[in-house]
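# Reading the structure
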Amino acid sequence: MKFRISRSALTDAVSQVSKAVSNKTTVPILTGIKATVDENGLWLTGSNSDLTIQVCIPTRQDDKELVKMETMGSVVLPGRIFSDIVRKLPGDEVEWVVDDRWKTVLRSEQAQFELKGLDPEEYPRLPQFQEDQMFSLPSDLLKSMIRQTGFAVSTSEARGVLTGVLWRMEEGRLTFVATDSHRLSRRQADVEAPEGLTVENMVVPGKSQSELGKILADRTGWVDVILSENQMMVRADNLLFFSRLLDGPYPDTNRVIPQGGKTEVRVSTKEILQSVDRAALISRDGRDNVIKWTVKKEGVVQVHSAAQDVGSVLEEVSAQVDGEEMSLSFNAQYMLDALRAVDSDEIQILLTGAMTPFLIQPADREDALHLIVPIRTR
Amino acid sequence: MGKRKRTVLLADMNAFYASVEQTLDPSLRHRPLIVCGDPDQRHGIVLAASYEAKAFGVKTGMPVSRAKELCPDAKLIPPHMSTYVQYSVRIVDILKEFSPLVEPFSIDEAFVELTGCEALFGDGETAARQIQQRIDEETGIPCSIGVGPNKLLAKMAADLKKPRGLTVLTQKQVAKRLWPLPVVRLFGVGHRMEHHLHRMGIRTIGDLAQADPDLLHHRFGIIGRVLHQSAHGIDDSPVDPHSLDGNKSIGHQFTLPRDYTEEKELRLVLRELAEEVAGRARQAGVVGQTVSLTLKGADFRSIHRALTMPDPSNLGRPLFQAAMTLLHQHWHGQPVRLVGITLSNLRTDRGIQLNLFEQTEKEQRLAETVDKIRQKFGKESILLAQSLTESSVFSDRAGKIGGHRM
């Protein structure tokens, strides 16, 4: 195995696969990064028990030669030290030579490292997928769906499937649902899928999904999502992303989403966001982070927060109010998360009672919703 | 407190519950007396024994059946918790006349920081004598007092001579008077810790003082270092009048009328205890997130395990579910004689985050309504239907005053 490679392309690729490299040594080989070079380019693979990331540095990109391959081959290098070395190499190019006992020499300008590699045959094989359960969507859409739901997952390991995001697919419509049982976020979009493809209970671990969002960050174009029994694969340009799926049935969330309400409020997203953000300056020190809204008929939402040892804040935001007047308290962070995820200048809020969940939706669309369960105060 | 030499005193009421009973009823004086749960129900343990009973070998915490074997003539009486609390408050009030810094340590013990009050009452020993005399005159309760340069040595001193002892322990006397004692006598060493220390070859307080503090730290964490300091008589903790203000946990335990071996029987007891603990949490205006389960049997070591729930609560059902999870994980069918549930990790219930999938709000309203009915018509006026079955401990519980804190 022998080739030369652009150092900046290598640094980028290594930092991407490093996100999946295991820190635990239960399976020692998984603390390594697998590298395979052939006429198409260099493939790097990082993996842990939850997810696997495979990135390709193509031989040529935009008329630039990135990889000059002399002999094909494969090796596994210790992940942490390899990525640290690559980041600190001095030159623009790296020469990479591996002998038949996996001893690896990395040379860049005046620096030369010799690393003990491992037999790539020991590295676990990637899961195999049948391509019949597949749908496609633009990368930008997938990223926004991830951004608008991921924050609502539970961060407590004990919550099982609630630590993941439900991906459902029906009649060409993809739905993401995330909830920690105190708030819920849902986003829907039409995607390209074979007729009749239905996916009922695919639960992607929250951490995997957020890594996917990060790794897609500057990728445009379309991505394919392919499913198997307990794994998913996302395929984009020069990237394969595999994640384990969570076991167990996701709770039925349709029944908890209110169909109608007592009070409807329309308000500027930016104005209400800023006022909640200010009120949170007082509430955030309290353990519950409670702020209170009083919705008044004359067209205002009063935002109030008080903390025993700190002080209080009160302000009014003008709004269009239809229905009963109402007061309710909730966790300010849940509201901030939801309002920041809404891609719309105006929102519509549907209140159902002081102790029952309320809905926040973009005023002009129906494909996104956020649900917040109030805090019971005395 | 700086480097100033301190004078701390611990007043320990001798055989407190028994002494109160003897003060109130002269016919009980100078004879063996045991305060215990209802003797007819084979109710567990000795809560307090008079010195006359202690002379026969009766000890606090011993099963009543064993105590009766040792001292068949002893008079058994049920506890009157509210009376003991009144006495305890009166005694603390007396102590407060000697210093503003009084820390009630338990119902029958209190620390007094005398540092700076020497000009008023003389040195520690003189003040202690006055205190002893006043408590005896005004309440009739005998007490032992320990005087030392810190809380640890005051406590150790008070334990050296009972009843009616007055012991002064200085830093210089630690090696001579404390080091020969078995390590379990050191404040902060329980039976479990004693067991661990024995395995390391540490049998006396002196052995502990000579042990390598780094090794103790490695083995027991920060507690190891604290114990090593304690063995040298070193303790910087202040006398804190508010130490009992914040209730750090709410718990109930119950000694069963017979050994329970069936899950369905324990299930019912746990259900009732969970309701009881939840009710007390609601009364105190708190919710808690950590549930601990204690099980004790005649022939196995106690099981004590804790679980943190996803959301804090003061409702019986979630507490019960957590306790059942712990029971399933850690109980393997041994006969159980004592069951306890404790709720900790407490915070105010002013805001309760409601849940999308559970009827928290409805359950909360139901619980508060039950609380109100019980307040008005008594605890037994409304209860779970299953509490009418034989395994129930509820009707027994409701008659108790306060029960006993774990």
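Rules used throughout
- Residues numbered from 1 in each chain as written.
- Chains lettered and ligands numbered in written order.
- Predicted model: local features only at pLDDT ≥ 70, side-chain atom pairs only at ≥ 80, totals over all residues.
- Heavy atoms only, no water.
- UniProt positions renumbered as here; feature names shortened; annotations may be inferred.
- Helix = DSSP H or I, 4+ residues; strand = E, 2+ residues; numbered from the N terminus.
- Contact = heavy atoms within 4.5 Å.
- Phe/Tyr/Trp six-rings, centres within 6.5 Å; stacked < 30°, edge-to-face > 60°.
- Buried < 20%, exposed > 50% of the residue type's maximum accessible area, 1.4 Å probe, protein only.
- pLDDT = per-residue confidence, 0-100.
- Axes fitted to C-alpha atoms, helices over the stretch in contact; angles between N-to-C directions.
- Parallel < 35°, antiparallel > 145°, perpendicular 65-115°, else oblique.
- Left-handed = near helix turned anticlockwise from the far one by under 90°.
- Nonpolar A, V, L, I, M, F, W, Y, C, P; charged D, E, K, R; others polar.
- Pairing = 2+ DSSP bridges.

- Going by what an unreviewed UniProt entry lists, chain B is known as DNA polymerase IV and is assigned to Melghirimyces thermohalophilus.
- Turning to chain B, the UniProt record has this under Catalytic activity (unreviewed entry): "DNA(n) + a 2'-deoxyribonucleoside 5'-triphosphate = DNA(n+1) + diphosphate".
- Under Sequence similarities (unreviewed entry), UniProt gives the following word-for-word description of chain B: "Belongs to the DNA polymerase type-Y family."

- As recorded by an unreviewed UniProt entry, chain A carries the name Beta sliding clamp and is attributed to Melghirimyces thermohalophilus.

### Brief notes about the overall build of chain A
- The secondary structure content of chain A amounts to 6 helices and 29 strands.
- Counted over contacts in chain A with a minimum sequence separation of 6, partners at least 24 positions apart contribute 66%.

### Examining the packing of aromatic side chains
Residues and elements named next belong to chain B.
- Within this structure, the stated rule accounts for 13 aromatic pairs over all chains.
- Ring plane angle 45° and centroid distance 4.8 Å describe the contact between Phe98 and Phe121, whose orientation is recorded as tilted. Placement of Phe98 in the loop between helix H4 (81–96) and strand S5 (102–106) and of Phe121 in helix H5 (residues 118–121) is noted, with a sequence separation of 23 residues between them. Across the pair, exposure class does not vary: Phe98 and Phe121 are buried alike.

### Some thoughts on the confidence of the model for chain B
Residue and element names in this part refer to chain B.
- A residue-level look at chain B finds 91% of positions with pLDDT of 70 or above and a mean pLDDT of 85.
- Predicted confidence in chain B is weakest over helix H16 (residues 394–398), with a mean pLDDT of 50, and strongest over helix H14 (residues 316–330), with 94.
- The low-confidence segment residues 397–406, where pLDDT is below 50, has 23 contacts with residues more than four positions distant or belonging to other chains.
- For this predicted complex, the interface confidence reaches an ipTM of 0.84, while the overall pTM sits at 0.69.

### Describing the packing of H4(B) against helix H6 (residues 124–139) of chain B
Residue and element names in this part refer to chain B.
- The contact between H4 and H6 brings their axes to 10 Å, and the two run at 140°. One element, H4, and the other, H6, form an angle in the oblique class. The two elements H4 and H6 meet at a crossing, and its hand is right-handed. Together, Tyr87, Arg90, Ile91, Ile94 and Leu95 of H4 and Ile131, Arg134, Ile135, Glu138 and Thr139 of H6 make up the contact between the two elements.
- Residues of the contact of H4 with H6, tallied by class, amount to 6 nonpolar, 1 polar and 3 charged.

### Observations concerning the packing of helix H13 (residues 263–284) of chain B against H14(B)
Residues and elements named next belong to chain B.
- Relative to each other, H13 and H14 sit at 140°, their axes nearing to 8 Å. It follows that H13 is oblique to H14 by the angle criterion. Taken as a pair, H13 and H14 cross one another with a handedness that is right-handed. Facing H13, whose interface residues are Glu263, Leu266, Arg267, Leu270, Arg271, Ala274, Glu275, Val277, Ala278 and Arg282, H14 presents Gly316, Arg317, Leu319, Phe320, Ala323, Met324, Leu327 and His328.

### Describing unusual backbone geometry
- B:Lys162 connects to B:Pro163 through a cis peptide bond whose omega is -10°.
- Along the polypeptide, B:Pro163 turns up in the loop between helix H7 (151–160) and strand S8 (166–168).
- Here A:Ser181, not a glycine, exhibits a phi torsion of approximately 80°, which is positive.
- Turning to its location among the elements, A:Ser181 is positioned in the loop between strand S14 (173–179) and strand S15 (183–190).

### Thoughts on the pairing of strand S12 (residues 336–348) of chain B
All names here are of chain B.
- Counting buried positions along S12 yields 10 of 13 residues, so the element is predominantly enclosed.
- As judged from the 8 bridges shared by strand S9 (residues 249–260) and S12, these two strands associate in the antiparallel manner. By the bridge assignment for S12, His252 is matched with Ile341.
- As defined by bridge partners, strand S10 (residues 286–296) adjoins S12 across 10 bridges and the pair is classed as antiparallel. Each bridged residue has a counterpart across the sheet, and for Lys296 the counterpart in S12 is Leu338.

### Details of the sheet that holds strand S16 (residues 199–205) of chain A
Residue and element names in this part refer to chain A.
- Reading across from one edge, S16-S13-S14-S15-S28-S27-S26-S20-S24 is the order of the 9 strands in this open sheet, with antiparallel pairing throughout. Strands with a single pairing partner mark the edges of an open sheet, and in this sheet they are S16 and strand S24 (320–323). When the angles between neighbouring strand axes are averaged without regard to direction, this sheet yields 20°.
- Inspection of the sheet shows S14 paired to S15 by 7 bridges, in the antiparallel sense. Along S15, the bridge assignment pairs Ala178 with Ser185.
- Across the sheet, helix H4 (residues 206–215) is in contact with strand S13 (164–170), S14 and S16; its angle to S16 comes to roughly 80°.
- On the sheet, helix H5 (residues 269–283) packs against strand S20 (263–268) and strand S26 (346–351) and is oriented at approximately 95° with respect to S20.

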